[in-house]
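Per-entry structural report
Each chain, written out:
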Amino acid sequence: MVKSSALGYPRIGTDREWKKALEAFWSGKLEEPEFNSRLQKIRLNHLRKQQEKGITLIPVNDFSYYDHVLDTATMFGIIPKRFAYEGGVVPLSVYYGIARGTKDAGASEMTKWFNTNYHYIVPELNGTTPVLTENKPLKAYREAKEKLGIEGKPVIVGPLTFLKLSKGYSLSETDAWLDRLLPLYVRILQELSSEGVEWVQIDEPILVTNVSAADVQRLKTIYETFAAAAPNLNIMLQTYFESAQHYSDIISLPVKGIGLDFVHGFSGNMSSIRELGFPKDKVLGAGIIDGRGIWKAPLREKLTILEELAAFVEPERLVVQSSCSLLHVPVSVEQETKLSYELKDALAFADEKLDELVLLAKSVFREGEEYTGELEENNRAYQAFKRSDKRKRSDVQYAVAVIRNQQLERSRPFSERRIVQQQNWQLPIFPTTTIGSFPQSAEVRKARQLWRKGEWSNEQYAGFIREQTDIWIKLQEDIGLDVLVHGEFERTDMVEFFGEKLAGFAFTQNGWVQSYGSRCVKPPIIFGDVAFTGEMTVEETTYAQSRTTRPVKGMLTGPITIMNWSFVREDIPREQIAYQLAYALRQEVEALEQAGIGMIQVDEPAVREGLPLKEDDQAEYLAWAVKAFRMATCTVKDTTQIHTHMCYCEFHDMIDSIEAMDADVISIETSRSHGELIHSFEANTYNKGIGLGVYDIHSPRIPGVEEMTVMIERALRVLDPKLFWINPDCGLKTRGFEETILSLKNMVKATLITREKHSSTV
Ligand code: GLN
Ligand code: ZN
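Residues numbered from 1 in each chain as written. Chains lettered and ligands numbered in written order. Predicted model: local features only at pLDDT ≥ 70, side-chain atom pairs only at ≥ 80, totals over all residues. Heavy atoms only, no water.

Examining the packing of helix α10 (residues 266-276) against helix α11 (residues 299-310)
Packed helices, taken two at a time, are described by their axes: the angle between them and the distance between them. Here α10 crosses α11 at 25 degrees, and the two axes come no closer than 11 Å. Put simply, α10 runs roughly parallel to α11. As α10 runs across α11, the sense of the crossing is left-handed. Across the interface between the two elements, Phe266, Met270, Ile273 and Arg274 of α10 pack against Ile305, Glu308 and Leu309 of α11. Residues belonging to the contact of α10 with α11 are distributed by class as follows: five nonpolar, no polar and two charged. (Axes fitted to C-alpha atoms, helices over the stretch in contact; angles between N-to-C directions. Helix = DSSP H or I, 4+ residues; strand = E, 2+ residues; numbered from the N terminus. Parallel < 35°, antiparallel > 145°, perpendicular 65-115°, else oblique. Left-handed = near helix turned anticlockwise from the far one by under 90°. Contact = heavy atoms within 4.5 Å. Nonpolar A, V, L, I, M, F, W, Y, C, P; charged D, E, K, R; others polar.)

Regarding the packing of helix α17 (residues 442-452) against helix α18 (residues 458-479)
Where α17 meets α18, the axes come as close as 9 Å, and the angle between the chain directions of the two elements is 165 degrees. As far as their axial angle goes, α18 and α17 are roughly antiparallel. For the element pair α17 and α18, the recorded crossing hand is left-handed. Contacts between α17 and α18 involve Glu443, Val444, Ala447, Arg448 and Trp451 from the first element and Asn458, Tyr461, Phe464 and Gln468 from the second. Taken together, the residues of the contact of α17 with α18 sort by class into five nonpolar, two polar and two charged.

As for the packing of aromatic side chains
For the structure shown, the criterion picks out 24 aromatic pairs. Here Tyr66 and Tyr96 contribute two aromatic rings whose centre-to-centre distance is 6.2 Å and whose plane-to-plane angle is 65 degrees, an arrangement assigned as edge-to-face. Here the residue Tyr66 occupies a position in the loop between β2 (59-60) and α3 (68-75), and Tyr96 occupies one in helix α4 (residues 92-100), the gap between them amounting to 30 residues. For the pair shown, Tyr66 and Tyr96 are each scored as buried. With centroids separated by 4.2 Å and ring planes inclined at 10 degrees, the aromatic side chains of Phe438 and Trp472 adopt a geometry described as stacked. Taken together, the residues span a long stretch of sequence, with Phe438 in the loop between α16 (414-425) and α17 and Trp472 in helix α18 at a distance of 34 residues. As far as burial versus exposure is concerned, Phe438 and Trp472 are alike and both buried. Joined through ring pairs, the aromatic side chains of Phe25, Trp26, Phe35, Tyr65, Tyr66, Tyr95 and Tyr96 make up one cluster. (Phe/Tyr/Trp six-rings, centres within 6.5 Å; stacked < 30°, edge-to-face > 60°. Buried < 20%, exposed > 50% of the residue type's maximum accessible area, 1.4 Å probe, protein only.)

A closer look at the site of ligand 1
Around ligand 1, the structure places 13 residues, and the nearest of them are Ser437, Glu488, Asp603, His645 and Gly731. A distance of 2.7 Å separates an oxygen atom of ligand 1 from a polar atom in the side chain of Ser437. Note that a nitrogen atom of ligand 1 is positioned 2.7 Å from one of the side-chain N or O atoms of Asp603. Protein chains bury 93% of the 300 Å² of accessible surface belonging to ligand 1 in isolation. Among the residues forming the shell around ligand 1, the class breakdown is seven nonpolar, four polar and two charged. (Near = heavy atom within 4 Å. Polar contact = N/O pair within 3.5 Å; in protein donor to acceptor, adjacent residues only side chain to side chain. Areas by Shrake-Rupley, 256 points an atom, 1.4 Å probe, with all protein chains shown as cover.)

Regarding the side chain of Asp67
Along the polypeptide, Asp67 turns up in the loop between β2 and α3. Look at Asp67: it is buried, it has no salt bridge, and the nearest opposite charge is Arg11 at 5.1 Å. Within polar-contact distance, the side chain of Asp67 engages the backbone nitrogen of Ile121 at 2.9 Å. Other than its neighbours up to four places away in sequence, Asp67 contacts Arg11, Tyr95, Tyr118, His119, Tyr120 and Ile121. (Lys, Arg positive; Asp, Glu negative; His and termini not counted. Salt bridge = Lys/Arg side-chain N within 4 Å of Asp/Glu carboxyl O.)

A short note on the sheet that holds strand β15 (residues 553-557)
Overall, parallel pairing links the six strands, which are arranged β15-β17-β18-β19-β20-β21 in an open sheet. Edge positions in the sheet fall to β15 and β21 (724-725), since each of these pairs with one other strand and no more. The sheet contact formed by strand β18 (residues 641-646) and strand β19 (residues 665-668) spans four bridges and is parallel. What sits directly across from Met646, in β19, is Ile668. Of the strands in this sheet, β15 and β17 (599-603) are in contact with helix α22 (residues 574-594), which crosses β15 at around 170 degrees. (Pairing = 2+ DSSP bridges.)

Here's the deal with the coordination of the zinc ion (ligand 2)
The coordination sphere of the zinc ion (ligand 2) contains the protein donors His645 (NE2), Cys647 (SG) and Cys730 (SG), at a distance range of 2.0 to 2.2 Å. Coordination at the zinc ion (ligand 2) is irregular, judged from the four donor atoms that bind it and the angles of 85 to 120 degrees they form at the metal. The motif formed by the donor residues of the zinc ion (ligand 2), counted along the single chain, is H-x1-C-x82-C. Linking His645 in strand β18 with Cys730 in the loop between β21 and α27 (737-758), this pair joins segments that are 85 residues apart in sequence. When sorted by exposure, His645 lands in the same class as Cys730, which is buried. (Donors = N, O, S within 2.8 Å, 3.2 Å for Na, K, Ca; no water. Tetrahedral: all angles 85-135°; square planar, octahedral: opposite > 155°, others 65-115°.)

A look at the side chain of Thr633
Secondary-structure assignment places Thr633 in helix α23 (residues 615-633). Residue Thr633 is classed as buried on the basis of its relative accessible area of 4%. Separated by 2.8 Å, the side chain of Thr633 and the backbone oxygen of Phe629 make a polar contact. Among residues more than four places away in sequence, those in contact with Thr633 are Arg410, Val602 and Ile642.

So, the sheet that holds strand β6 (residues 199-203)
Reading across from one edge, β1-β10-β9-β8-β7-β6-β5-β2 is the order of the eight strands in this open sheet, with parallel pairing throughout. Both edges of this open sheet fall to β1 (3-5) and β2, since each of them pairs with a single strand only. Taken together, the five bridges between strand β8 (residues 257-261) and strand β9 (residues 283-289) define a ladder with parallel strand orientation. Within the sheet, the bridge partner assigned to Leu260 lies in β9 and is Ala286.

Regarding the pairing of strand β12 (residues 513-516)
Bridging between β12 and strand β13 (residues 519-521) involves three bridges; their strand directions are antiparallel. Along β13, the bridge assignment pairs Tyr516 with Arg519. The antiparallel pairing of β12 with β13 creates a hairpin that spans two residues between the two strands, and Gly517 there sits at a positive phi of about 50 degrees.

Structure below.
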């Protein structure tokens with residue numbers, strides 16, 4: 001039988017027991033030895049599952065205590081100087097300090113893992129001297145072998161990818177850093193080799209992006225060094241998320257296997273192979289089962305692809321793989337009891353994907369023999385869902401077809417809107433606001449549970465939400481904020497909330513995936529045409545507005561974010577899904593405006609992560625993303641102020657698109673990147689309302705007045721004070737009650753100082 005492999009397995013566990021263990025440990029409820037043994041149990045369970053299902057090359061060291069990039073950095077002793085670290089194996093206090101911040105030291109920046117919603121901790125190289133603190137892959141390999149008799153395949157983040165994802169060095173220092181890191185990698189590989197390890201998977205997803213000629217040269221150095229140092233170790237050089245650039249260079253590297261993505265990089269990788277073939281001495285890791293989507297694979301079509309690939313490799317040189325780690329999909333469909341039979345039957349999460357991998361591995365090279373029954377069954381479910389009427393809404397299809405060809409523009413340009421808006425709102429300079437959510441306390445979560453279980457009536461729950469809103473409207477006034485929010489107490493999640501009110505969505509009970517650290521999200525499933533079915537936010541927003549004379553911003557999640565944070569159907573283009581969402585949201589924007597809400601924020605934190613990895617494809621995506629945003633927001637009056645919010649700092653390459661969205665005010669997260677964004681505004685002017693987050697909301701730390709004042713001043717060197725807003729980095733729902741109040745009070749103090757200082761110049 002052909003070999004099968006997943007490139008990694010979800011960490012969180014069937015019931016998110018991983019998350020629960022981490023949080024219990026952080027809160028001091030779990031001692032370290034007990035914590036370790038709990039995580040070990042979870043880890044071994046995952047390996048056992050793959051073993052039982054019949055996966056032949058089981059990844060090890062894909063498990064993590066937080067994030068695999070942080071694991072790599074700490075394994076190399078790359079610890080920012082602000083943390084007290086004295087060498088040796090990195091203690092958990094330091095490890096989690098880097099991830100989450102400590103009392104004295106801010107956390108490292110975190111950012112999106114390529115175009116996914118997984119976030120990794122960005123290694124900070126400056127001032128560090130890499131040493132090998134422990135051989136984590138070896139430890140993982142030994143554990144799997146001793147406990148379960150598994151011949152595991154250690155997974156390691158490759159040197160080029162690691163360097164490219166790190167910060168704290170200049171381009172000209174790249175080779176020097178490579179020289180420091182390579183000996184450490186070599187030691188790891190040599191130790192694995194002498195232990196008798198057969199395969200290691202070295203992840204180099206950076207190779208699907210536009211790497212330079214110099215990097216290709218580095219790639220050669222790296223893998224030639226490895227081949228010379230550990231000649232008996234089989235390296236699977238693994239790429240994913242897109243087709244590999246520089247295919248011919250990659251296949252001539254002295255490695256034993258090349259892993260390619262035949263789902264998200266299908267056409268590129270396929271044409272490379274067709275054109276340039278595949279070397280006779282290498283193993284092909286064929287990433288054929290989607291590691292990111294949740295739908296059953298059409299196994300017949302997959303077999304056809306494998307058969308085409310089989311023309312280039314014999315059975316011994318083929319590994320049937322997931323396209324990437326299964327980290328990006330939920331654990332198992334089995335737990336879902338509330339989905340329609342038809343939909344459930346069309347889904348495959350991590351465990352079901354393992355089955356698909358094994359079935360494909362069994363079937364390839366021998367279709368028409370014993371496995372056709374299972375293939376038929378798979379095909380039946382797939383086709384039935386594809387044809388289902390529940391997916392179609394002709395009214396929506398018609399409306400979207402018309403609207404997408406209209407001029408999607410506000411009636412006047414920003415320069416004119418700005419004047420009437422200022423007359424209307426009379427805001428002070430440097431208006432203060434927040435991003436939308438306030439702490440979702442245990443009390444709030446409890447109330448929601450009671451309501452969901454039917455123990456609370458709708459009225460009781462609505463009354464509770466109003467009380468929370470009252471508390472926070474009063475608090476916001478006392479703190480001295482200028483533009484208020486209702487607090488989003490009725491929402492668990494900014495996407496789920498809207499999905500539940502729109503047609504075309506379905507929800508799992510347990511379809512969680514890791515987003516960052518212990519934080520998991522449960523993306524809705526967009527299975528059909530999306531349609532507005534009634535007002536979604538008007539009641540809570542107008543209630544909040546009735547409690548104060550200050551403006552309350554309405555709060556919606558934008559079309560691109562809803563799409564990027566959902567699992568979407570694959571039978572129509574993403575662009576089409578985005579327009580359907582935009583059309584639905586436009587109806588909500590209009591309803592809010594009609595109800596007297598004059599500031600409406602349409603959050604688009606996920607625009608960036610949908611950006612295609614290949615530069616050539618980016619302009620097209622950005623064009624329809626911008627169009628969707630405008631479709632949702634362009635029909636409002638001039639006086640109505642449209643806000644938007646985005647997370648993360650890497651906007652330098654898309655400032656034009658942000659500008660084109662034509663929001664009156666944007667708030668962007670910046671504090672963890674220590675002003676890198678500000679830097680990008682030096683080169684690109686931005687001439688609309690803008691608030692750069694002045695403190696990090698991912699950390700429980702209370703920011704000081706002084707540090708925020710410095711942050712603001714720095715921004716004002718490149719941004720127009722008349723257009724500048726002051727706000728935290730992101731929503732505050734994950735924070736505690738007291739810490740939120742203290743932080744916002746400090747933020748307002750910093751604002752008053754800034755106003756005082758600039759009063760004469762503005
Ligand atoms: N309005 C949302 C909130 O405040 C925005 C969250 C986000 O950007 N991720 O929670
Ligand atoms: Zn945000």
